[in-house]
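Close look at the chain arrangement
Given next are the chains, with one letter for each unit.
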Amino acid sequence: MTSSKSISVAGAGGIGCFVGGVLRAGGHPVSLLARPRLIEDIARHGLKVTSFEGIEHRLTPAEIKLSDDPAAIFAGADIILVTVKSDDTPEIADLIARHAAKNAVIVSLQNGTGNVSVLRDALPDHDVLAGMVPFNVLSLGEGHFHRATSGDILLEKDDPDIAKLLSRPELVFRSVDDIEGVQWGKLLINLNNALNALSGLPLRDQLAQRSWRTLFADQIREALAVIKAEGIAPLSTTPLPASFTPFILKLPDALFTRIAASMVKIDPKARSSMWEDLQRGRRTEIDHLQGLIVRLAERHGLKAPLSARIVALIRNAEEAGKGSPGLTPEQVRAVGQG
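In this report, we go over the structure that sits alongside the text. (Residues numbered from 1 in each chain as written. Predicted model: local features only at pLDDT ≥ 70, side-chain atom pairs only at ≥ 80, totals over all residues. Heavy atoms only, no water.)

**Some thoughts on the overall build of the protein chain**
Helix and strand content of the protein chain: 15 helices and 12 strands. Here the C-alpha radius of gyration of the protein chain, 20 Å, is about what a compact globule of 338 residues would show, namely 20 Å. With the C-alpha coordinates aligned to their principal axes, the bounding extent of the protein chain is approximately 60 × 40 × 40 Å. Counting across all 338 residues of the protein chain, residues that qualify as buried make up 52%. Of all intrachain contacts in the protein chain linking residues separated by at least 6 positions in sequence, the fraction that spans at least 24 positions is 69%. Here the protein chain displays about 14800 Å² of accessible surface, and carbon together with sulfur accounts for 51% of that area. One finds the centroid of the 38 positive side-chain charges in the protein chain at a distance of 5 Å from the centroid of its 39 negative side-chain charges. (Helix = DSSP H or I, 4+ residues; strand = E, 2+ residues; numbered from the N terminus. Rg over C-alpha atoms; globule rule 2.2 N^0.38 Å. Buried < 20%, exposed > 50% of the residue type's maximum accessible area, 1.4 Å probe, protein only. Contact = heavy atoms within 4.5 Å. Areas by Shrake-Rupley, 256 points an atom, 1.4 Å probe, with all protein chains shown as cover. Lys, Arg positive; Asp, Glu negative; His and termini not counted. Charge placed at Lys NZ, Arg CZ, Asp CG, Glu CD.)

Okay, structure coming up:
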């Protein structure tokens, strides 16, 4: 494989625009499948990608191809990065099947654990790779996308080594043996997406409070019991095993802050993608996070009451359409109790 490949991003939201922008700045031809509003935004302001570590790239509208036509975006692509929400995976798989060349490699950079199976079932003639994106990206408007937490993108190993081809100092891709375990480990961490959305606080402020961390820890313990019943062994992307995370979360504030700082960097402005979904009136991915834990619990005759309460709270917030409800940890725990 040559060092420069034509890359299409299927679903140009925060992750798609940031990853696509950095790869374009690194020399890859990049096309973004985007909604008309975003196309107009970037056509007017260009695409700016930044990070809390100091990354800054500005691309003119002429430097990156944008369209809402999948035929124009997928035709000729060597690699297609799928960054749509999980509910949109079947639709995007159908569009790829109709418009992409058979030799295009499909890489899922989505949250959740079931998207790769959906893509593989719909795209039997394509190589489909699973991936995991550990960081979050803020959409700041006027074509500006800001990475607000740290971490390397992980991909499952493959013979051409797509991870090595895409990796650059500002955006590291690494291949791993057990991508399924990594995805389940990420799902455990992503359970905080809903808590952050319900709190209305910046991530760093939320995680600095032991009451929120204790709630997060209890969520993880509940999910670990369910995942164990499913026969899955989640892998942590930090030096600590997933089963040890609840203990770390419940440490006193000062000690937790010291340990966490050595494992992940968080911009003061960082918030979860689910918080952004609520603020913008979009549907969330709660069904693929706490909702999944509830469904698995039911399958194994277990109970996941905390997960069920959080699903209900997020659904209420979606229906209200007023953004984050700004709840306290005590209010989250109280729902459904009495």
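**Side note on the environment of isoleucine 15**
Counting through the fold element by element, isoleucine 15 comes out in helix H1 (residues 14–25). Separated by 83 residues in sequence, isoleucine 15 and arginine 98 place their C-alpha atoms 24 Å apart.

**As for unusual backbone geometry**
A positive phi angle, near 55°, is found at glutamate 142, a position not held by glycine. With respect to the helices, strands and loops of the structure, glutamate 142 is situated in the loop between strand S9 (137–141) and strand S10 (144–147). The exposure class of glutamate 142 is exposed, given its relative accessible area of 57%. Unusually for a residue other than glycine, aspartate 161 sits at a positive phi of about 60°. Considering the arrangement of structural elements, one finds aspartate 161 in the loop between strand S11 (153–156) and helix H6 (162–166).

**Notes on the packing of helix H4 (residues 89–99) against helix H5 (residues 115–122)**
In the contact formed by H4 and H5, the axes pass within 9 Å of each other and the chain directions differ by 35°. In this structure, the crossing between H4 and H5 has a hand that is right-handed. Where H4 approaches H5, its residues Thr89, Pro90, Ile92, Ala93 and Ala97 are matched on the opposing element by Asn115, Val118, Leu119 and Ala122. Residue composition of the contact of H4 with H5, by class: seven nonpolar, two polar and no charged. (Axes fitted to C-alpha atoms, helices over the stretch in contact; angles between N-to-C directions. Left-handed = near helix turned anticlockwise from the far one by under 90°. Nonpolar A, V, L, I, M, F, W, Y, C, P; charged D, E, K, R; others polar.)

**Brief notes about the side chain of glutamate 285**
Locating glutamate 285 in the fold gives a position in the loop between helix H12 (273–279) and helix H13 (290–299). The residues touching glutamate 285, leaving out its near neighbours within four places in the chain, are Lys85, Ser86, Asn111 and Met274.

**Regarding the pattern of salt bridges**
With the rule as written, the count across this model stands at 21 salt bridges. Its salt-bridge partner being arginine 299, residue glutamate 230 comes within 2.5 Å of it at the nearest N-O pair. Placement of the pair is glutamate 230 in the loop between helix H9 (210–229) and helix H10 (245–249) and arginine 299 in helix H13, with a sequence separation of 69 residues. Measuring nitrogen to oxygen at the nearest pair gives 3.9 Å for the salt bridge that ties lysine 269 to aspartate 267. For lysine 269, a relative accessible area of 47% gives the class partly exposed. Members of the salt-bridge network, linked through shared partners, are Lys85, Glu276, Asp277, Arg280 and Arg282. (Salt bridge = Lys/Arg side-chain N within 4 Å of Asp/Glu carboxyl O.)

**Describing the sheet that holds S10**
Strand order in the open sheet formed by four strands is S4-S3-S10-S9, with mixed pairing between adjacent strands. Each end of this open sheet is capped by a strand with a single partner; those strands are strand S4 (56–59) and S9. Averaged over all adjacent pairs, the angle separating strand axes in this sheet is 15°, with direction ignored. Running at roughly 95° to strand S3 (residues 47–51), H1 makes contact with S3, S4, S9 and S10 of the sheet. (Pairing = 2+ DSSP bridges.)

**Remarks on the nonpolar core**
Nonpolar side chains tend to gather and get buried jointly when the protein is soluble and globular. Residues Leu188, Leu191, Ile293, Ile310, Ile314 and Val332 are the most contacted members of the largest nonpolar core, which totals 48 residues. Looking at this core, the elements with two or more residues in it are helix H7 (179–199), helix H8 (203–207), H9, H10, helix H11 (253–261), H12, H13 and helix H14 (305–320). Among the elements that take part in this core, H9 stands out by supplying nine residues, more than any other. Leaving out residues up to four positions away in the same chain, isoleucine 314 has contacts with Ala194, Ala197, Leu198, Met274, Leu278, Thr284 and Ile286. Counting residues in each nonpolar core, the second largest holds 37 residues, with Ile7, Val30, Leu155 and Leu166 among its members. (Core = buried A, V, L, I, M, F, W, Y, C linked by side-chain atoms within 4.5 Å.)

**So, the sheet that holds strand S2 (residues 30–33)**
Spatially, the eight strands line up as an open sheet ordered S5-S2-S1-S6-S7-S8-S11-S12, and their pairing is mixed. Of all the strands in the sheet, just strand S5 (65–67) and strand S12 (173–176) have a single pairing partner and so form its edges. The average undirected angle you get between the axes of adjacent strands in this sheet is 25°. Relative to strand S7 (residues 105–108), strand S6 (residues 79–82) runs parallel, the two being bridged by four bridges. Bridged to isoleucine 79 within S7 is valine 105. Contacting S6, S7, strand S8 (128–132) and S11, H5 runs over the sheet at an angle of about 165° to S8.

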